Amino acid sequence: MASSTPRPAQPLLSAVVPFLNEAENLPRLIEALERTLPPLGQAWELVLVDDGSRDDSLAVAKAELQRRPQLNATLISLSRNFGKEAALTAGLEAAQGDVVVPLDADLQDPPELIGPMLEQWRQGFDVVYAVRRRRAGDSRTKRLTAFGFYRLMGRLSSTAIPADTGDFRLMDRCVVEALGQLPERSRFMKGLFAWVGFRQTAITYDRDARAKGQSGWSYWKLWNFALDGITSFSRVPLQVLSAGGLLIACLALLYGAWMVLRTLVFGIDLPGYASLMTAVLFLGGVQLLGLGVLGEYLGRVFEEVKRRPLYLVRERWRQGNALDPASTHR
Ligand code: UDP
Ligand code: MG
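Definitions and cut-offs
Residues numbered from 1 in each chain as written. Chains lettered and ligands numbered in written order. Predicted model: local features only at pLDDT ≥ 70, side-chain atom pairs only at ≥ 80, totals over all residues. Heavy atoms only, no water. Salt bridge = Lys/Arg side-chain N within 4 Å of Asp/Glu carboxyl O. Helix = DSSP H or I, 4+ residues; strand = E, 2+ residues; numbered from the N terminus. Buried < 20%, exposed > 50% of the residue type's maximum accessible area, 1.4 Å probe, protein only. Donors = N, O, S within 2.8 Å, 3.2 Å for Na, K, Ca; no water. Contact = heavy atoms within 4.5 Å. Pairing = 2+ DSSP bridges. Right-handed = clockwise from strand over helix to strand, strands pointing away.

### Let's talk about the pattern of salt bridges
Next up, step 1: On inspection of all chains with the given rule, the structure shows 11 salt bridges.
Next up, step 2: Residues Arg 173 and Glu 177 are paired through a salt bridge, measuring 2.7 Å at the closest nitrogen-oxygen approach. On the criterion of helical spacing, the pair formed by Arg 173 and Glu 177 is a turn pair, its members being four residues apart in helix α6 (residues 173-181).
Next up, step 3: The partner of Glu 296 in a salt bridge is Arg 300, and the shortest N-O contact between them spans 2.7 Å. A residue pair is termed a helical-turn pair when its members lie 3 or 4 positions apart in one helix, as Glu 296 and Arg 300 do in helix α10 (residues 273-306) at four residues.
Next up, step 4: Since its relative accessible area comes to 16%, Arg 300 is described here as buried.
Next up, step 5: One salt-bridge network, held together by shared partners, links Glu 34, Glu 64, Arg 67 and Arg 68.

So this is what it looks like as structure tokens:
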């Protein structure tokens with residue numbers, strides 16, 4: 001049980017929604033939020049981040065907001081697709097609420113959960129994250145790879161990253177501020193959420209299939225996302241390499257000693273082409289793999305030292321305010 005720090009009685013709640021090609025889902029999502037949030041009885045704002053959509057999502061989002069002039073809303077349109085992690089960061093930075101809830105635009109994160117989350121927050125928890133009990137709509141392969149990934153991360157990383165947890169969570173302002181202080185470019189949000197700590201608790205839910213459209217995550221994107229996660233939160237792959245190298249070197253030394261002895265005793269026999277090839281190819285493979293792993297880390301160091309902004313804003317639009325084009329950020 002968390003201790004109860006005083007909470008504002010009437011917190012402002014920010015719903016932060018990054019979206020990529022979600023024209024069909026946005027109207028439903030806004031309706032769902034309008035259905036569930038006002039009954040909770042506190043002020044709320046909507047922060048929409050267009051992550052370089054190529055369909056008419058942006059126009060749809062604007063139209064939806066214009067139809068609701070009373071809605072407290074911010075719409076940020078990024079200059080291109082920067083990926084969900086960057087879009088979410090943009091949204092978190094724009095959110096002004098005392099509590100902030102990132103949601104997917106495809107209604108896979110049910111807004112009905114925000115009520116129970118707020119309840120936990122009032123009890124004194126700073127983060128209430130939603131754990132998926134069931135993942136409807138995800139293919140077997142996706143469920144299996146996700147399962148494998150969470151377990152692998154659990155073993156490799158010293159930061160305990162809760163399994164089957166997405167970005168859907170309710171965060172106190174102090175947590176959002178803490179996330180804003182993390183300077184890294186490679187933003188593996190699941191890991192960062194866990195790394196910042198604070199008093200965290202979980203609630204479980206059944207995850208439905210996405211409402212409309214297709215997931216923006218190809219397997220290639222997921223693979224790189226997994227690599228991002230592992231390289232940002234673990235040095236184990238590098239340690240495995242050095243340990244493996246050491247082991248192979250020791251074995252080679254022993255084998256060398258044995259060959260010298262054998263030659264001294266029995267003389268030289270020439271056959272051995274097969275074993276020679278195997279050893280050469282195997283070691284070549286191991287070396288390339290090692291270079292690859294090193295490269296993954298080095299590439300990320302390269303990204304970090306360039307210190308490019310995480311995202312660029314093409315257009316920032318506040319409900320009621322005029323368009324404010326071409327403002328860049330960070
Ligand atoms: N998304 C985004 N940028 C991207 C990919 C996805 O903003 O490059 C958004 C997407 O519109 C959705 C959320 O991130 O609101 C989750 O994406 P998706 O449903 O494709 O992921 P999944 O649920 O399959 O993990
Ligand atoms: Mg989804």
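### A word on the coordination of the magnesium ion (ligand 2)
Around a metal, the ideal angle is 109.5 degrees if four donors adopt a tetrahedral arrangement and 90 or 180 degrees if six donors adopt an octahedral arrangement.
Next up, step 1: Protein-derived coordination of the magnesium ion (ligand 2) comes from Asp 106 (OD) and Gln 108 (OE1), at a distance range of 1.9 Å.
Next up, step 2: With a relative accessible area of 3%, Asp 106 lands in the buried category.
Next up, step 3: Classification of Gln 108 by relative accessible area gives buried; the value is 10%.

### Points about helix α2 (residues 57-66)
Next up, step 1: Burial of α2 is extensive: seven of the 10 residues sit out of reach of the surface.
Next up, step 2: Regarding α2, the residues found buried are Ser 57, Leu 58, Val 60, Ala 61, Lys 62, Glu 64 and Leu 65.
Next up, step 3: The inward-facing, buried residues of α2 contact β1 (13-19), α1 (25-36), β2 (44-50), β3 (73-78) and β8 (313-318).

### Here we look at the pairing of β1
Next up, step 1: With respect to burial, β1 is a largely interior element, seven of its seven residues being buried.
Next up, step 2: Here β1 shows two buried faces, one formed by Leu 13, Ala 15, Val 17 and Phe 19 and the other by Ser 14, Val 16 and Pro 18.
Next up, step 3: Sheet topology places β1 next to β2; seven bridges connect them, and they run parallel. Paired with Leu 13 across the two strands is Trp 44, which belongs to β2.
Next up, step 4: Once you follow β1 into α1 and on to β2, the crossover reads as right-handed.
Next up, step 5: Both β1 and strand β4 (residues 99-102) contribute to a ladder of four bridges, which runs parallel. Within β4, the residue paired with Ser 14 across the bridge is Val 100.

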